[in-house]
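The chain contents come next:
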Amino acid sequence: MSSTTTPTRFFDVPGGRIAFDDTPGEGLPVVLLPGMLDQRAAYRHLVPLLTAAGHRVITMDLRGMGESSAEFVDYSPAAIAADLLALLDHLGIERAVLAGSSYTGATVVKAAGLAPERAAGVVLIDAFIENLPLNAFQKALFGVVGPVVKAFPGVWGTLQKFYFPTERPADFDAYRAGLAAMLREPHRKVALAGYLSGDSAPVGWSAAVRCPALVLMGTKDPDFPDPELVADRQAAALNGRKVMIEDGGHYPMAGHPQAVAAALLPFLAEVA
């Protein structure tokens, strides 16, 4: 499912094939990665706002998700970082802003650390990196959710309501139904297990990042008992700045795209 009206494109990496789309623009390229168990169309409401400002915007499906193939053996944030850098090579892009949501916040941090000359900046959107240790409730919650979603992938569509506690896009029901249908496809089982059993919140990777950083965090993200405290930790680790998206849940680029664009566009202008 494309996040724009541009046709899906593909490139090969060791172990499989990755889907992406590329919306032309004269401004600094921006690569947007969706979160775990999501598709690049998670950015469908943000992409037009960035392209209207003149930016070239690239969105990429993660391995095993969306239109990417699902025969990989490694679904870790670090493995996806290799795919991200391979995408820049494939497109001949020397420098870009790398943005990751949730699970892939760690991915863009890893990529920026591995190839600092390629990262003009990094953007974290409600990311799992440099987080506080899980409390007992979170451990119990994640301990239940992972096995349930692996056994019944369609549950992930139902859980989307939890991640949008306030504003929901007009196409919310259709999008989450499509997401649930994708995850129920039999060939996704290995990818589901890989994402739900790996380390989604590494600590320490930020130390290698040298480029400017922007941390975006929804004030009502249900994945964090104290979203602002987590955002402060991430901004401090990256020597960056934070912007809290008022009333935003875990996916503010879909629920509050105007607010995300208002925070992101000045950052893009600065790093360009």
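Refer to the structure above for everything that follows.
Summary of the structure given here. The numbers attached to residues start from 1 for each chain and follow its sequence in the written order. Two thresholds apply to this predicted model, a pLDDT of at least 70 for residue-level local features and 80 or more for giving and counting side-chain atom pairs, whereas whole-chain, interface and lining totals are computed over all residues. With hydrogens and water excluded, all non-hydrogen atoms of the structure serve as input to the side-chain values.

**Focus: the side chain of Ser68**
Here is step 1: Helix numbering and strand numbering both begin at the N terminus, where a helix is a DSSP run of H or I of at least 4 residues and a strand a DSSP run of E of at least 2. Looking at the secondary structure, you find Ser68 in the loop between strand S4 (55-60) and helix H2 (77-91).
Here is step 2: Burial classification: accessible surface area is computed with a 1.4 Å probe over protein chains only, and a residue below 20% of its type maximum counts as buried, one above 50% as exposed, and the rest as partly exposed. The exposure class of Ser68 is buried, given its relative accessible area of 5%.
Here is step 3: Throughout this description, a polar contact denotes any pair of N or O atoms lying within 3.5 Å of each other; where both atoms belong to protein, one of them has to be capable of donating a hydrogen while the other can accept it, and for residues adjacent in sequence the pair is counted only when both atoms sit in side chains. At a separation of 3.1 Å, a polar atom in the side chain of Ser68 contacts the main-chain carbonyl oxygen of Asp61.
Here is step 4: Residues count as neighbours in contact if any of their non-hydrogen atoms are within 4.5 Å of one another. In this view, Ser68 contacts Arg17, Ile18, Ala19, Asp61, Leu62, Arg63 and Arg188; residues no more than four positions away in its chain are not counted.

**A word on the pattern of salt bridges**
Here is step 1: Here a salt bridge means any side-chain nitrogen of Lys or Arg lying within 4 Å of a carboxyl oxygen belonging to Asp or Glu. All told, the structure shown has 14 salt bridges when counted by the stated rule.
Here is step 2: What emerges from the salt-bridge pattern is a single network uniting Asp21, Arg40, Asp61 and Glu67.

**Considering the packing of helix H5 (residues 155-163) against helix H6 (residues 172-184)**
Here is step 1: Between H5 and H6, the shortest axis-to-axis distance is 7 Å and the interhelical angle comes to 145 degrees. Where H5 crosses over H6, the two elements pack in a sense that is right-handed. In this structure, H5 uses Trp156, Gly157, Thr158, Gln160 and Lys161 to contact H6, whose residues at the interface are Phe172, Arg176, Leu179, Ala180 and Leu183.
Here is step 2: Residues of the contact of H5 with H6, tallied by class, amount to five nonpolar, three polar and two charged. Axes, fitted as lines to C-alpha atoms, cover a helix only where it is in contact. Angles between the N-to-C directions of the axes lie from 0 to 180 degrees. By definition, any crossing whose near helix is turned counterclockwise from its far helix by less than a right angle is left-handed, and any crossing with a clockwise turn is right-handed. Amino acids outside the nonpolar list (Ala, Val, Leu, Ile, Met, Phe, Trp, Tyr, Cys, Pro) and the charged list (Asp, Glu, Lys, Arg) are all regarded as polar, and Gly is one of them.

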